[in-house]
Amino acid sequence: MEFLENFKPELTVESPGRINIIGEHTDYNMGYVLPTAIEKKITFKFQKNGSDNICHVYSMGYDTGFELSLDKIEISKVEWENYVLGVLNEISKRTDKLRGFDCTLESHVPIGSGVSSSAALECGLAFGLNEIFDLGLSKMDIVELSQAAEHTYAGTKCGIMDQFASVMSKEGHVILLDCESLEYSYIPIHIQPYRIVLLNTNVSHNLASGEYNIRRAQCEEGVAVLQKKFPGIKSLRDASMDMLNDVKGELDQTVYNRCSYIIQEKTRVLEAVEALKKDNLKKVGELLYETHEGLSKMYEVSCPELDFLVEFSKKFDTVLGARMMGGGFGGCTINLVHEDAIEEFVKAASAAYEKECKLKLTWFEASPSQGTSIIKN
Ligand code: GLA
């Protein structure tokens, strides 16, 4: 792209992917989540280009880019462009201060791996544009408009967890976020001598393919049935297992399974927070396994490769717990592994995985990191 020849970026922004300790698919059910940013980031560089409307966005990793005009933003056939276009569309709804810009991005966040490369992309872009054009958007505006961009342009009716974690995280902490009130607190994470290890199945998921939105609709179906008997219920956040069992006869078995997973997961998040505060990592590990069981059997968002890795981890006393992480259907498992045993565990898991699933396993260690930040101004 031509702009690269004379590119003089005035701002560098780093926007991270995220992990989630526990609380999966609870965000759009108004429950709790426990995510944090990781050191894997997308680096954005920005310059204003003096034009009113013309913008260039270039991905260094893919060696490809595109030009767009701010007065003609529409959905693209190229998937990653929609994350950019969606954000620009949402910003334009909120302010008329956006002008032409050039931007490069270089990503170290694995795509389709359940660590939310999409939120990193949306939030980093919005964050940078907010800075260079002085748009006056708050961090929460950036979180919410990025989530809206995913709904409208990428087609995934995601919750708020990923964007919130990407922007708001604090090094060394996880965020306990109440997805109903959006109240949150930072919880210091002291897990030594254990570490957070992510095993990537390299089965790439695509949440926009529909299953994610179907889960969301099934939960809403459950809420509608519950509301007939319990009018005070606004979401599964307000429901208990007793209430659900009360209306079981009127619920499709699949919808019942989806709802019961969510109701149980809601409690597990709070239990995990208590256990973390008491440094009871064994308990946290047990909860991770319970969550995986629910995601796999009741919510049905796992896949054979994720199930294999979680089951395999149970052979190791040095692994306290494991589960699939993120939207599901592929991506990573999150594992709590003793620091002295990481090498042995990863080596054994890689060999077994390759033999059983005929795929290469990749892995990395995740440590709770800072959210989206400005590097150079
Ligand atoms: C995806 C979505 C999030 C959340 C998770 C599952 O990452 O973007 O909002 O629902 O799946 O917990």
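Everything numeric in this text was worked out from a predicted model, so none of it was measured.

Caption draft 1: Quick look at the site of the ligand. The local shell around the ligand holds 13 residues, among which Glu24, His25, Asp27, Asp162 and Tyr212 are the closest. A distance of 3.0 Å separates an oxygen atom of the ligand from a polar atom in the side chain of Arg18. The backbone of Gly159 places a nitrogen or oxygen atom 2.9 Å from an oxygen atom of the ligand. Contact with the protein chains covers 98% of the free accessible surface of the ligand, which is 310 Å². Here the ligand is seated within the largest pocket. Looking at side-chain class alone, the shell around the ligand contains five nonpolar, four polar and four charged residues.

Caption draft 2: Broad picture of the state of the cysteines. One pass over the structure, following the stated rule, counts zero disulfides. Considering cysteine sulfurs only, Cys158 is the nearest to Cys123, which forms no disulfide, with 9.7 Å between them. Its relative accessible area of 0% is what places Cys123 among the buried residues.

Caption draft 3: Highlighting the nonpolar core. Leu34, Leu88, Phe101, Leu125, Leu129, Ile196 and Leu198 are the most contacted members of the largest nonpolar core, which has 80 residues in total. When residues in this core are grouped by element, the largest group, eight residues, is from helix H2 (residues 117-132). Apart from residues no more than four positions distant in its own chain, Leu88 is found in contact with Leu68, Leu70, Ile73, Leu98, Phe101, Leu125 and Leu129. Formed by 26 residues, the second largest nonpolar core is a distinct cluster that contains Leu251, Ile263, Tyr299 and Val301.

Caption draft 4: Region of the structure containing the environment of Ser166. You can see Ser166 is positioned in helix H4 (residues 161-168). Separated by 72 residues in sequence, Ser166 and Arg94 have C-alpha atoms that sit 21 Å apart. The residues contacting Ser166, other than those within four sequence positions of it, are Ser15, Pro16, Ala119, Ala120, Cys123, Gly371 and Thr372. Within the local environment of Ser166, its side chain forms a polar contact with the backbone oxygen of Pro16, the two atoms lying 2.8 Å apart.

Caption draft 5: Just the layout of surface pockets, in detail. Here the largest pocket defines a volume of roughly 710 Å³. As for the largest pocket, its lining consists of 38 residues, of which Tyr83, Ile111, Gly112, Ser117 and Ser118 are closest to the centre. At the level of elements, helix H1 (79-94), strand S6 (101-107), H2 and H4 are the ones that each hand at least two residues to the lining of the largest pocket. The residue makeup of the lining of the largest pocket, split by class, is 14 nonpolar, 17 polar and seven charged. Of the volumes computed, that of the second largest pocket is approximately 190 Å³. Residue assignment for the lining of the second largest pocket shows that the elements contributing at least two residues are strand S9 (194-200) and strand S12 (362-366). Of the residues contributing to the lining of the second largest pocket, the split by class is six nonpolar, three polar and two charged.

The rules behind the values
Residues numbered from 1 in each chain as written. Predicted model: local features only at pLDDT ≥ 70, side-chain atom pairs only at ≥ 80, totals over all residues. Heavy atoms only, no water. Near = heavy atom within 4 Å. Polar contact = N/O pair within 3.5 Å; in protein donor to acceptor, adjacent residues only side chain to side chain. Areas by Shrake-Rupley, 256 points an atom, 1.4 Å probe, with all protein chains shown as cover. 1 Å grid on protein atoms, 1.4 Å probe; cavity = no way out; pocket = protein on both sides within 12 Å on 5 of 7 lines; lining within 4 Å. Sits in = over half its atoms within 2 Å of the grid points. Nonpolar A, V, L, I, M, F, W, Y, C, P; charged D, E, K, R; others polar. Disulfide = S-S within 2.5 Å. Buried < 20%, exposed > 50% of the residue type's maximum accessible area, 1.4 Å probe, protein only. Core = buried A, V, L, I, M, F, W, Y, C linked by side-chain atoms within 4.5 Å. Helix = DSSP H or I, 4+ residues; strand = E, 2+ residues; numbered from the N terminus. Contact = heavy atoms within 4.5 Å. Points joined across faces, edges and corners; volume = space filled by probe spheres on them.

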